[in-house]
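Read off the chains here:
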Amino acid sequence: MNKKRERNLSGFSLIELMILIAVMSILVGMVTLGFGFLRSTDTKQVAYGIENGLKTLKSKDMAGKETQYLHVFVHNGKYYRTITNSAAAPAPGGSEKEIGSAESISVNVIYDVRDEYGSSLPDRTVTLSESGTTDICVGITKKDGTFLYQKVSGTNNSEAPREMHVTASGGTSYLVYMVTDTGKHYVEVQ
């Protein structure tokens, strides 16, 4: 009898092994969803951080004497925003607001480009990164609150940002849409 009892206690049955695999699969799935949810939350934070910066820019620009500019930039693996009275890219100095991590999130900007006569040219797309374009500048006209077309260096063209796509690698994407001719802006999930 002891031999029979010993044999039954010496390993897993097929049913026990299947239950173990099912439990492990559920746990792996939950962890994967958790990471995806965190990445989606970071992406949303960056998108709404940019949109809130546009709201602040509009109120500061309309209330002040000088034209104000929103700068969205990447520095040391993080996205920041700041508002200055200069279109030149600011040096990080502590007054900027961190809006999220740049590790797994990309920000692509689509510019509406016009020639010196105001005719539309093909859009220009820029990716914000520490190794390339490090600063995006958005201005608003004092006269009517529309987005400001700024001169493109070395050309007679001018451009204004129209869309900012905030995307997590392999995850959720948010669009910060800017209606250039009215100054309105909103965020939508893609």
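Predicted model, so just to flag it, every value in this text is computed and none were measured. (Residues numbered from 1 in each chain as written. Predicted model: local features only at pLDDT ≥ 70, side-chain atom pairs only at ≥ 80, totals over all residues. Heavy atoms only, no water.)

Engineer: Got a sec to walk through the overall build of the chain? Specific residues and values, please.
Structural biologist: Across its full length, the chain holds 2 helices and 10 strands. When the helices and strands of the chain are read in sequence order from the N terminus, they spell out α-α-β-β-β-β-β-β-β-β-β-β. Put simply, the chain has 190 residues, and 35% of those count as buried. In the structure as shown, the chain presents an accessible area of about 11500 Å², 56% of it carried by carbon and sulfur atoms. (Helix = DSSP H or I, 4+ residues; strand = E, 2+ residues; numbered from the N terminus. Buried < 20%, exposed > 50% of the residue type's maximum accessible area, 1.4 Å probe, protein only. Areas by Shrake-Rupley, 256 points an atom, 1.4 Å probe, with all protein chains shown as cover.)

Engineer: Just give me the short version of the sheet that holds strand 3 (residues 97–101), but keep the residues and values in it.
Structural biologist: Across the sheet, which stays open at both edges, the 4 strands sit in the order 3-2-1-6 with antiparallel pairing between neighbours. Two strands bound the open sheet, and with one partner strand each, they are strand 3 and strand 6 (135–139). The mean inter-strand angle of the sheet, taken between neighbouring strand axes irrespective of direction, is 20°. Of the strand pairs in this sheet, strand 1 (residues 69–75) and strand 2 (residues 78–84) are connected by 7 bridges, and their pairing is antiparallel. Looking at strand 2, one finds that H75 is bridged to K78. (Pairing = 2+ DSSP bridges. Axes fitted to C-alpha atoms, helices over the stretch in contact; angles between N-to-C directions.)

Engineer: How would you explain the packing of aromatic side chains if you had to name every residue and give the values?
Structural biologist: Per the counting criterion, the structure on display carries 3 aromatic pairs. Both rings, one in F73 and one in Y80, keep their centres 5.6 Å apart while their planes meet at 20°; by these two values the pair is stacked. For the pair shown, F73 and Y80 are each scored as buried. (Phe/Tyr/Trp six-rings, centres within 6.5 Å; stacked < 30°, edge-to-face > 60°.)

Engineer: An account of the environment of Y79 is needed here, citing residue identities and associated values.
Structural biologist: By the secondary structure assignment, Y79 is in strand 2. For the pair formed by Y79 and I105, sequence separation is 26 residues and the distance between their alpha carbons is 9.4 Å. Within polar-contact distance, the side chain of Y79 engages the backbone nitrogen of V107 at 3.4 Å. (Polar contact = N/O pair within 3.5 Å; in protein donor to acceptor, adjacent residues only side chain to side chain.)

Engineer: How would you summarise the side chain of E51 if you had to cite specific residues and measurements?
Structural biologist: Here E51 is to be found in helix 2 (residues 14–63). Among the polar contacts listed, one links the side chain of E51 to the side chain of H185, at a separation of 3.1 Å. Look past the residues within four positions of E51 in its chain and what remains in contact with it is H185, Y186 and V187. (Contact = heavy atoms within 4.5 Å.)

Engineer: Explain unusual backbone geometry to me, and be specific about the residues and the numbers.
Structural biologist: Look at N76: it is not a glycine, yet its phi comes out positive at around 50°. Within the secondary structure layout, N76 lies in the loop between strand 1 and strand 2. The class for N76 is exposed, based on a relative accessible area of 59%.

Engineer: Got a sec to walk through the pairing of strand 1? Specific residues and values, please.
Structural biologist: Across the 7 residues of strand 1, 6 count as buried, placing the element largely inside the fold. Linking strand 1 to strand 2, which pair antiparallel, is a turn of 2 residues; within it N76 sits at a positive phi near 50°. Taken together, the 5 bridges between strand 1 and strand 6 define a ladder with antiparallel strand orientation. Paired with Y69 across the strands is G139, a residue of strand 6.

Engineer: An account of the pairing of strand 6 is requested, with residue identities and associated values reported.
Structural biologist: By the criterion of burial, strand 6 is predominantly enclosed, with 5 of the 5 residues buried. Both faces of strand 6 are covered, namely the face carrying D135, C137 and G139 and the face carrying I136 and V138.

Engineer: Let's hear about the nonpolar core: which residues, and what values?
Structural biologist: Of all hydrophobic cores here, the largest spans 29 residues; its most connected members are V46, I50, Y79, I136, V138 and M164. Listed by contribution, the elements that provide at least two residues to this core are helix 2, strand 1, strand 2, strand 4 (105–114), strand 5 (120–128), strand 6, strand 8 (158–168) and strand 9 (173–179). Ignoring sequence-local partners within four residues, the contact set of M164 consists of I50, N108, V109, I136, V138, Y174, L175, V176 and M178. (Core = buried A, V, L, I, M, F, W, Y, C linked by side-chain atoms within 4.5 Å.)

These figures come from the coordinates and say nothing about function on their own.
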